[in-house]
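Descriptive analysis of the structure
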Amino acid sequence: MAFESLANRLQSAFDKLRGRGKIDETVVNEAMREVRLALLEADVNFKVVKDFVARVKERAVGQDVMKSLTPGQMVIKIVNEELVELMGGSVAQLTMAHRPPTVIMMAGLQGAGKTTTTGKLAKYLQKQNRKPLLVAGDIYRPAAIKQLQVLGEQIGAPVFTLGDQVSPVEIAKQAIAHAKENNLDVVLLDTAGRLHIDEALMDELKQIREVAKPDEILLVVDAMTGQDAVNVAESFNSQLELTGVVLTKLDGDTRGGAALSVKAVTGKPIKFAAMGEKLDALEPFHPDRMASRILG
Ligand code: GDP
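Residues numbered from 1 in each chain as written. Predicted model: local features only at pLDDT ≥ 70, side-chain atom pairs only at ≥ 80, totals over all residues. Heavy atoms only, no water.

Re the side chain of Ser261
For Ser261, the position within the fold is in helix α10 (residues 257–266). The residues touching Ser261, leaving out its near neighbours within four places in the chain, are Asp43, Val44, Asn45, Val48, Gln227 and Val230. (Helix = DSSP H or I, 4+ residues; strand = E, 2+ residues; numbered from the N terminus. Contact = heavy atoms within 4.5 Å.)

In structure tokens:
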């Protein structure tokens, strides 16, 4: 299960606080040393861990213990609140255009789950009475267009394609015009993935952004890849100015590093979490629920 070892490690750190009458600096330091190790082992970014521990310590030391809580519970409460903050505080909503169509550009490295997530997001939007258009903008991977068409069929959403001989920039432009003509109010642009970030990819994405003027640029990253996911998010963000991140594969046994570091490192919120291969396995990312999951 995801976060299992992190949850266990934190539990044992907090067990040591049990039965303590008062939170003094030694007690807090001892507990936070373990929390620090637990977070590092979970592949949380080093700087993020350092700041996190400092914040918890500052709040915990000298804090009057609320009458209803033991010192251990008090520290757990602070850790919980800081974890929620670290992951963005509250649910980050999608920005919808005042005048439709809303354009959502999907980006990500190959295998992160970008195309699947595009289909899931379309389904999610349908449930909110939106009419999404899926746009096949990944013309380089032979199977990508077909994959999107199959997804579109499964959820009953139209798919816009011009085959693989027209540039993705032109596809984006025509897709948006098509959406306007057909009263489709959200355009989901699937874009090319690569194995690694390269300049040609970034240039193409920038050109699509120029033309499509997206309301959202969502980067899809695989939570299982931990710090790599965070590094990918950081470089995409510096080049493209993302509006949010979608974390996929949270159903796997991710240690948690990506979920806990992405927001702090990039400043961009995690907007959705994908927890499985099925098309309804996508939900808005709830920092508070994720923190509860981590703290067991
Ligand atoms: P793309 O190359 O980024 O477009 O990636 P795909 O959408 O083709 O997904 C790559 C693989 O990851 C596929 O086998 C998907 O079924 C799988 N996948 C995507 N999202 C999730 C998820 O949230 N959980 C799990 N377990 N698998 C996922």
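Some points on the packing of aromatic side chains
Summed over the entire model, instances satisfying the criterion amount to one aromatic pair. An angle of 80 degrees between the planes, with centres 5.1 Å apart, marks the rings of Tyr124 and Phe272 as edge-to-face. Separated by 148 residues along the polypeptide, Tyr124 in helix α5 (residues 114–127) and Phe272 in strand β7 (residues 270–274) bring together distant segments of the chain. Side by side, Tyr124 and Phe272 carry an identical accessibility label, which is buried. (Phe/Tyr/Trp six-rings, centres within 6.5 Å; stacked < 30°, edge-to-face > 60°. Buried < 20%, exposed > 50% of the residue type's maximum accessible area, 1.4 Å probe, protein only.)

With respect to the packing of α5 against helix α6 (residues 144–155)
Each packed pair of helices is defined by two parameters, the angle between the axes and the distance between the axes. With their axes 10 Å apart at the nearest point, α5 and α6 run at an angle of 25 degrees to one another. Relative to α6, the element α5 lies roughly parallel. Once α5 is placed against α6, the crossing between them reads as right-handed. Every residue of α6 that contacts α5 at Thr115, Thr116, Thr118, Gly119, Ala122, Lys123 and Gln126 is listed here: Gln147, Leu148, Leu151 and Ile155. Here the contact of α5 with α6 is composed, by residue class, of four nonpolar, six polar and one charged. (Axes fitted to C-alpha atoms, helices over the stretch in contact; angles between N-to-C directions. Parallel < 35°, antiparallel > 145°, perpendicular 65-115°, else oblique. Left-handed = near helix turned anticlockwise from the far one by under 90°. Nonpolar A, V, L, I, M, F, W, Y, C, P; charged D, E, K, R; others polar.)

Let's talk about the site of the ligand
Lining the immediate environment of the ligand, one finds 17 residues, of which Gly111, Lys114, Thr116, Asp251 and Glu277 sit closest. The separation between an oxygen atom of the ligand and a polar main-chain atom of Gly276 is 3.2 Å. Glu277 is positioned such that a nitrogen or oxygen atom in its side chain is 2.6 Å from an oxygen atom of the ligand. Within the complex, 79% of the 590 Å² of free accessible area of the ligand lies under protein. No other element matches the four residues that α5 contributes to the shell around the ligand. Of the residues in the shell around the ligand, the class split is four nonpolar, seven polar and six charged. (Near = heavy atom within 4 Å. Polar contact = N/O pair within 3.5 Å; in protein donor to acceptor, adjacent residues only side chain to side chain. Areas by Shrake-Rupley, 256 points an atom, 1.4 Å probe, with all protein chains shown as cover.)

Examining the pattern of salt bridges
All told, the structure shown has 13 salt bridges when counted by the stated rule. Among the ionic pairs, Lys77 bridges to Glu81, the shortest N-O distance being 3.0 Å. Within this pair, Lys77 and its partner Glu81 are both found in helix α4 (residues 71–86), separated by four residues, close to a single helical turn. Where Lys249 meets Asp222, a salt bridge forms, and the shortest distance between an N and an O atom there is 3.5 Å. Of this pair, Lys249 sits in the loop between β6 (244–248) and α10 while Asp222 sits in strand β5 (residues 216–222), placing them 27 residues apart in sequence. (Salt bridge = Lys/Arg side-chain N within 4 Å of Asp/Glu carboxyl O.)

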